[in-house]
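What the coordinates show
Here's the letter readout for the chains.
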Amino acid sequence: MFEMETMYREIGIRKSVLDFGKKIEERLSERFQEIDKIAEYNQLKVIHAMQEKRVSADCFHYASGYGYDDHGRDTLEEVYAAIFHTESALVRPQIACGTHALALALSANLRPGDELLSPAGKPYDTLEEVIGIRPSKGSLAEYGVSYSQVDLLEDGTFDYDNIAKALNERTKLVTIQRSKGYQTRPSFSVKQIGELIAFVKKIKPDVICMVDNCYGEFVETIEPSDVGADMVVGSLIKNPGGGLAPIGGYIAGREDLVEACAYRLTSPGLGKEVGASLGVMQSFYQGLFLAPTVVAGALKGAIFAANIYEELGYHVIPNSTESRHDIIQAVEFGVPEGVIAFCKGIQAAAPVDSYVTPVPWAMPGYDSDVIMAAGAFVQGSSIELSADGPIKPPYAVYFQGGLTWPHAKLGILMSLEYLIRDEVVTLK
Ligand SMILES: *Cc1c(COP(=O)(O)O)cnc(C)c1O
């Protein structure tokens, strides 16, 4: 233990911060055990799928050109389908990010005259332009796809009465976002999502139910596709990439829907047959293999942070005891200095770019200055430890990730260290 303290001191954590963290960590042991159990189950689920689909060293070969018979790519898609218990999957480096995967799933399966319904409030920011809520070139609105939305009730639950009213003969697809993203609503459990899907399908059995699964993969032992979702969609630079995938997105679901996505991604007639994997397959497989434990580390970090900052008197979302349905944690500091010091600490704890100091700046698309901290191996990766916050009331910082629990822990202790150094917090 003496050596541990020395190590923490050398890396820049004072003893009072370490002791405070230790006290908090001790009371979390039961919850951490639960998280480890989920990770254990999901690790087996991933290995089982890889075994069943006969993943071999052959799957890691470089494929170029058209990519016909790209064995590694085709096998990986079978593995994803097995994990999500779906008929089919599309998992490609040609899917640039989560937004692209979602835009693909929507535009591939909606036609002019159809309506898209979001029964759980406003979708993720970047989807506003995809849908055309904010006018944008190439949006679904430009192609004659209309959109309707039912907001959540005051208490964060589904407004079933108005959802029933919103479903009409044109409603073709229903989109449900699992994670709260940057909103203050709670994230949904897979069970809640299943209840919503069952309700929708009872009224309109042929409606397509799609779930934006970003940040949710492997947080529970079941996925939305286990409770009736026709498509689940996500990014490989979040949970399922395990920190190793350098790019990519996935869509898992019903055969006909995924096929439509493939036709849209490449070309009608070509579909899944083309799209060489260009040497990234090993990182996709290995990242997927690591993802359950990586997600567990990130979850522990989020819970640790919630408990640390709640103990210090701050409003944290989710709170210290709530159950978790994604890996995002928000802390409201109430003052800009809090957000800035927190981000400085996260940056200082990074394995990459630890020596740079993040500062707030005017980013395109935001109505206030924003500060971001990330020292990641994969640019923009949010399964790696990262934090950001707009410099405006309530001065909340959002943070997520950590490829390992010890790194997530260090990041949070370092954030506290910087809050003390910048005289935002004093430890009694
Ligand atoms: C991150 C995220 C997206 C968009 O993914 P990008 O990879 O940033 O394009 C969409 N929905 C949710 C809930 C997300 O968390």
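The shown structure was predicted, so the numbers you read here are calculated from the model rather than taken from an experiment.

Before going further, it helps to spend a moment on empty space enclosed by the protein. Rolling a probe over the atoms, with the probe sized like a water molecule, indicates the empty space that remains. Summed over all chains, the structure comprises 1 cavity of 30 Å³ or more. Empty space within the largest cavity amounts to approximately 60 Å³. Along the walls of the largest cavity sit Ser 118, Ala 120, Gly 121, Lys 122, Pro 123, Leu 127, Thr 175, Ile 176, Gln 177, Arg 185 and Phe 188, which together make up its complete lining. The element best represented in the lining of the largest cavity is strand β4 (residues 171-177), accounting for 3 residues. Here the lining of the largest cavity is built from residues that sort into 5 nonpolar, 4 polar and 2 charged.

As a further point, take the sheet that holds strand β12 (residues 386-390). The pairing of strands in a sheet happens through backbone hydrogen bonds and is either parallel or antiparallel. If you trace the 6 strands from one edge of the open sheet to the other, you get β8-β9-β13-β12-β11-β10, paired in antiparallel fashion. This sheet does not close on itself; its edge strands, each paired only once, are β8 (315-317) and β10 (361-362). Where β10 lies against strand β11 (residues 369-374), 2 bridges are found, and the strand directions are antiparallel. Paired with Trp 361 across the strands is Val 370, a residue of β11. Against the sheet, helix α10 (residues 281-311) engages β8, β9 (329-332) and β13 (396-400), with an angle of about 15° to β9.

Around the ligand, the structure places Cys 97, Gly 98, Thr 99, Leu 102, Tyr 124, Gln 177, Asp 212, Cys 214, Tyr 215, Ser 235 and Lys 238. In this structure, an oxygen atom belonging to the ligand sits 2.5 Å away from a side-chain N or O atom of Thr 99. Separating an oxygen atom of the ligand from a side-chain N or O atom of Lys 238 is a distance of 2.9 Å. Contact with the protein chains covers 89% of the free accessible surface of the ligand, which is 380 Å².

Attention now goes to the pattern of salt bridges. Oppositely charged side chains may form a pair once their charged atoms are brought near each other. Throughout the structure, instances matching the rule amount to 23 salt bridges. If you follow the salt bridges from partner to partner, you end up with Lys 122, Asp 125, Glu 128, Glu 129 and Arg 134 in one network.

What follows concerns the domain arrangement of the protein. When its domains are assigned, the protein resolves into domain 1 (4-42 + 289-421) and domain 2 (63-280). Centre-to-centre separation of domain 1 and domain 2, based on C-alpha positions: 28 Å. Of the residues lining the interface, 27 residues belong to domain 1; the matching set on domain 2 comes to 25 residues. Where domain 1 abuts domain 2, roughly 2200 Å² becomes buried across the two surfaces, and 64% of that area is made up of carbon and sulfur atoms. Seen at the junction of domain 1 and domain 2, the total is 1 salt bridge. With a closest N to O distance of 3.7 Å, Asp 326 and Lys 180 form a salt bridge. Where domain 1 meets domain 2, there are 8 residue pairs in polar contact (both at pLDDT 80 or more). Secondary structure elements with two or more residues in the side of domain 1 that touches domain 2: α3 (29-52), α10 and β13. The biggest single contributor to the side of domain 1 that touches domain 2 is α10, with 6 residues. Here the residues of the side of domain 1 that touches domain 2 are counted per class, giving 16 nonpolar, 7 polar and 4 charged.

Now for helix α5 (residues 98-109). With 12 residues, α5 extends 17 Å between its outermost C-alpha atoms, agreeing within 8% with the 16 Å of an ideal straight helix rising 1.5 Å per residue. Where burial is concerned, most of α5 is hidden: 9 out of the 12 residues are buried. Every buried residue of α5 is accounted for by Gly 98, Ala 101, Leu 102, Leu 104, Ala 105, Leu 106, Ser 107, Ala 108 and Asn 109.

A word on the packing of α10 against helix α12 (residues 405-421). At a minimum axis separation of 8 Å, α10 and α12 run at an interaxial angle of 25°. In terms of orientation, α10 and α12 fall into the roughly parallel class. For the pair α10 and α12, the crossing hand works out as right-handed. Here Gly 297, Lys 300, Gly 301, Phe 304, Ala 305, Ile 308 and Tyr 309 of α10 come into contact with α12, specifically with Trp 405, Ala 408, Lys 409, Ile 412, Leu 413, Ser 415, Leu 416 and Leu 419.

About the criteria used
- Residues numbered from 1 in each chain as written.
- Predicted model: local features only at pLDDT ≥ 70, side-chain atom pairs only at ≥ 80, totals over all residues.
- Heavy atoms only, no water.
- 1 Å grid on protein atoms, 1.4 Å probe; cavity = no way out; pocket = protein on both sides within 12 Å on 5 of 7 lines; lining within 4 Å.
- Points joined across faces, edges and corners; volume = space filled by probe spheres on them.
- Helix = DSSP H or I, 4+ residues; strand = E, 2+ residues; numbered from the N terminus.
- Nonpolar A, V, L, I, M, F, W, Y, C, P; charged D, E, K, R; others polar.
- Pairing = 2+ DSSP bridges.
- Contact = heavy atoms within 4.5 Å.
- Axes fitted to C-alpha atoms, helices over the stretch in contact; angles between N-to-C directions.
- Near = heavy atom within 4 Å.
- Polar contact = N/O pair within 3.5 Å; in protein donor to acceptor, adjacent residues only side chain to side chain.
- Areas by Shrake-Rupley, 256 points an atom, 1.4 Å probe, with all protein chains shown as cover.
- Salt bridge = Lys/Arg side-chain N within 4 Å of Asp/Glu carboxyl O.
- Domains from an automatic or database assignment.
- Buried area = accessible area lost by both parts, 1.4 Å probe.
- Expected span 1.5 Å × (residues − 1).
- Buried < 20%, exposed > 50% of the residue type's maximum accessible area, 1.4 Å probe, protein only.
- Parallel < 35°, antiparallel > 145°, perpendicular 65-115°, else oblique.
- Left-handed = near helix turned anticlockwise from the far one by under 90°.

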